[in-house]
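Breakdown of the fold
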Amino acid sequence: MTEYIILMPLGIMIFGLLTVVFRDSYLTKNQKRIMLGIIGLIFLLVLQNVFDFVLQTSVYMPYVRTLVSVFGYCIRPAIIALFCKLVRPGGKNTFAWALVIINACVYITALFSNAVFQIDDTNHYHGGTINGLSNTAFVISVVLLCYLIYCTVIQYRQRKTWLWVAFANAAIIIISALLDISPLYRDYPVSYNTIAIVCCSLFYYIWLHLEFVKEHERDLMAEQRIRIMVSQIQPHFLYNTLSTIQALCRIDPQKAFETTGKFGTYLRNNIDYLDQTDLIELEKELEHTKIYAEIEMLRFPKIEVEYDIEAKDFYLPALTIQPLVENAIRHGVRSREHGIVKVSTKEKDDYYEIIISDNGVGFDIENLKKKDGTHIGISNVNERISDMCTGTFTIESEIDKGTIVTIKIPRRE
């Protein structure tokens, strides 16, 4: 019975992994299902090893041993394919599952043919009549391990310091499989390869768990940063609008009534955008900008906001154009005899272009960062354009001539 002592640490690892996965709040439902499937197959693989050992040493049932061996050969590549799915949950992994099916079809022929392997009448294992076919599981597993490394590198290429985990686990599994077919192999209830699969699955899960935690923290930080930036944009317009409405109540009550309605729409849009962490349609952003511009033009009749919209069917972060128009009015054209702010959009080959230009007083771009809060709209929009849609943001400004802000948003399917 001393041979079976190895089952105790393996059982502890499998049970521990199962418990941790059940309680892991950083896994999505799909990732948790995949991980539970991996644990289930690993458990079946250990049982297959034990049954095969018993059938080899104690019980004479050649056909049953053949059936158990076929199951063992089929299950190993499936475990690796599931890890490929776990690493890239959005991918179909057709290549991996095609290899799993091919491997299974090859070994199922052992139930009625000696082409792959055979268990003779004396209960001994022999290679098949077709040379090399008995190594199909090993070859396919190596290919799948290489594919798993590829998936890992593609998914986590930005964090190169930890990619060695994937290479190390693959090397351990390959070495253990070679030991199983080498002269150093000794009969145990569980093969070297099965032990390696259990251990490496645990190591790989721990590494993936750490990556899932980092991704979750990054998402939270990005969401909080966007919320803070959006909330910072709101106050700039509130005080000026209230002052405008107050003045209109004395000289034009009807206009004050209309302006109050527009102001309410503006506030409602801003409140809605507080929870908007996704991109929005250009039409919605333009509508919000026009409401703002109409209220500002009531207060400053000498300014004018023009629109030249050639491209409409694309998305951008909420509060992208409006803060820039606000910035152009407040810091650019307000002091002009006839201030003009122009918003235009164009469609290029691989991106959409948004241009906000004005004939205002301009400013020194080099001193932009030194002006605490004066151009907060510019810095906020710049960061959100970069974070949310990998776009670019450029500013050209010349003192006493005006400013041009150019935003380029990559085309997406």
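Okay, so let's go over this structure. Every chain is numbered independently, its residues counted from 1 as its sequence is written. Residue-level local features of this predicted model are given only where pLDDT is at least 70; pairs of side-chain atoms are given and counted only at 80 or more, and the full residue set underlies all totals for whole chains, interfaces and linings. The side-chain values count all of the structure's non-hydrogen atoms but skip hydrogen atoms and water molecules.

**Overview of the packing of aromatic side chains**
Using the following cut-off: The aromatic pairing rule takes the rings of Phe, Tyr and Trp, using the six-membered ring of Trp, and pairs them if the centres are within 6.5 Å, calling planes under 30 degrees apart stacked, those over 60 edge-to-face and the rest tilted. A run of DSSP states H or I qualifies as a helix once it reaches four residues; a run of E qualifies as a strand once it reaches two. Both are numbered from the N-terminal end. Burial classes: relative accessible area under 20% of the type maximum marks a residue as buried, over 50% as exposed, and values in between as partly exposed (1.4 Å probe, protein chains only).
Here the structure, examined in full by the defined rule, presents nine aromatic pairs. For the pair Tyr73 and Phe117, a centre-to-centre distance of 5.6 Å together with 55° between the ring planes defines the contact as tilted. Residue Tyr73 is located in helix H3 (residues 62-87), and its partner Phe117 is located in strand S1 (residues 117-119); the two are separated by 44 residues in the primary sequence. You can call Phe117 buried: its relative accessible area is 0%.

**Focus on the side chain of Asp180**
To keep it simple, the criterion reads: As used in this structure description, the phrase polar contact means that two N or O atoms lie within 3.5 Å; if the pair is within protein, one of them must be able to donate a hydrogen and the other to accept it, and residues adjacent in sequence are counted only when both atoms belong to side chains.
Mapped onto the elements of the fold, Asp180 is located in helix H6 (residues 164-180). Here the side chain of Asp180 touches Asn193 through a polar contact of 3.0 Å, landing on its backbone nitrogen.

**A word on the layout of surface pockets**
For clarity, the threshold we go by: Within this scheme a cavity is a closed region of a 1 Å grid, computed over the protein atoms alone, that accommodates a 1.4 Å probe without allowing it to escape, whereas a pocket is open but has protein on both sides within 12 Å along at least five of seven lines; lining residues each have an atom within 4 Å of a point. Grid points are joined across faces, edges and corners, and a volume is the space filled by probe spheres set on the points. Think of it as three bins: nonpolar holds Ala, Val, Leu, Ile, Met, Phe, Trp, Tyr, Cys and Pro, charged holds Asp, Glu, Lys and Arg, and polar takes everything else, Gly as well.
Taken as a whole, the largest pocket spans an internal volume of roughly 1,000 Å³. Lining the largest pocket are 43 residues; nearest its centre among them are Tyr73, Arg76, Asp180, Ile181 and Ser191. Within the residue set of the lining of the largest pocket, elements represented by two or more residues are helix H2 (29-57), H3, helix H5 (136-156), H6 and helix H7 (192-233). In terms of residue count, H3 provides more of the lining of the largest pocket than any other element does, eight residues in total. Grouping the amino acids of the lining of the largest pocket by side-chain chemistry returns 26 nonpolar, twelve polar and five charged.

**Side note on the packing of H2 against H3**
We apply this condition: Lines fitted to C-alpha atoms define the axes here, with helix axes fitted over just the stretch in contact, and angles between the N-to-C directions of these axes take values from 0 to 180 degrees. For this classification, under 35 degrees means roughly parallel, over 145 means roughly antiparallel, 65 to 115 means roughly perpendicular, and everything else is oblique. Left-handed is the label given to a crossing in which the near helix is rotated counterclockwise from the far helix by less than a right angle, and right-handed is the label when the rotation is clockwise.
Relative to each other, H2 and H3 sit at 155°, their axes nearing to 9 Å. If you check the angle between H2 and H3, you find them roughly antiparallel. When the axes of H2 and H3 are compared, the crossing they make is left-handed. Residue composition of the contact of H2 with H3, by class: 18 nonpolar, seven polar and four charged.

**Considerations on the sheet that holds strand S8 (residues 392-398)**
Heads up, the condition is: Strands are treated as partners if at least two bridges between them are detected by DSSP. Note on definitions: a residue-residue contact is assigned when non-hydrogen atoms from the two residues lie within 4.5 Å.
The five strands are arranged S4-S6-S7-S9-S8 in an open sheet whose pairing can be described as mixed. Across the chains shown, the open sheet's two edge strands, defined by having one partner strand only, are strand S4 (303-309) and S8. The mean angle between the axes of side-by-side strands here comes to 10°, regardless of whether they run parallel or antiparallel. Direction of pairing for S8 relative to strand S9 (residues 402-410): antiparallel, over a ladder of seven bridges. The residue bridging Phe393 from the neighbouring strand is Ile407, located in S9. Against the sheet, helix H11 (residues 321-333) contacts S4, strand S6 (339-347), strand S7 (351-358), S8 and S9, and its axis sits at roughly 150° relative to S6.

**A few points about the packing of H3 against H5**
Taken N-terminus to C-terminus, the directions of H3 and H5 make an angle of 5°; their axes are 9 Å apart at the nearest point. Regarding the angle of H3 to H5, the classification is roughly parallel. Along its contact with H3, which presents Tyr73, Pro77, Ile80, Phe83, Cys84 and Val87, the element H5 presents Ala137, Ile140, Ser141, Leu144, Leu145, Tyr147, Leu148, Cys151, Thr152, Gln155 and Tyr156. Grouping the constituent residues of the contact of H3 with H5 by class yields 14 nonpolar, three polar and no charged.

**Section: H6**
For an α-helix the count is 3.6 residues per turn, leaving residues at separations of three or four pointing the same way. Note the threshold: Each helix should span, by expectation, one fewer than its residue count multiplied by 1.5 Å. The arc in question is the one spanned by the directions pointing from the helix axis to the C-beta atoms.
Taking 1.5 Å of rise per residue, the 17 residues of H6 would be expected to cover 24 Å, and the 24 Å separating its terminal C-alpha atoms lies within 8% of that figure. Those residues of H6 not exposed but buried are Val165, Ala166, Asn169, Ala170, Ile173, Ser176, Ala177 and Asp180. Angularly, the buried residues of H6 cover 130° about the axis, an arc narrow enough to put them on a single face. Seen from the open side of H6, the exposed residues pointing more than 90 degrees away from its buried face are Trp164 and Ile175.

**A look at unusual backbone geometry**
Even without being a glycine, Leu319 presents a positive backbone phi close to 55°. The exposure class of Leu319 is buried, given its relative accessible area of 0%. Even without being a glycine, Asp400 presents a positive backbone phi close to 70°. Relative to the helices and strands, Asp400 is located in the loop between S8 and S9.

**Section: the pairing of S8**
With burial as the criterion, only one face of S8 is covered, namely that bearing Phe393, Ile395 and Ser397; the residues Thr392, Thr394, Glu396 and Glu398 on the opposite face remain uncovered. Linking S8 to S9, which pair antiparallel, is a turn of three residues; within it Asp400 sits at a positive phi near 70°.

**What about a nonpolar patch on the surface?**
The test is simple: Two joining distances apply to patches: 9 Å for like charges and 5 Å for nonpolar side chains (Val, Leu, Ile, Met, Phe, Trp, Tyr), and every residue must have over 30% relative accessible area and no salt bridge. In this description, accessible areas are obtained by the Shrake-Rupley approach with a 1.4 Å probe, and a residue is regarded as covered only by the protein chains that are shown. Salt bridges are identified by distance alone: a Lys or Arg side-chain nitrogen within 4 Å of an Asp or Glu carboxyl oxygen.
A surface patch of nonpolar side chains, amounting to about 450 Å² of accessible area, comprises Phe43, Leu44, Leu47, Phe51 and Phe71. For the nonpolar patch, the element with the highest residue contribution is H2, accounting for four residues. Within the secondary structure layout, Phe43 lies in helix H2. Its relative accessible area of 44% is what places Phe43 among the partly exposed residues.

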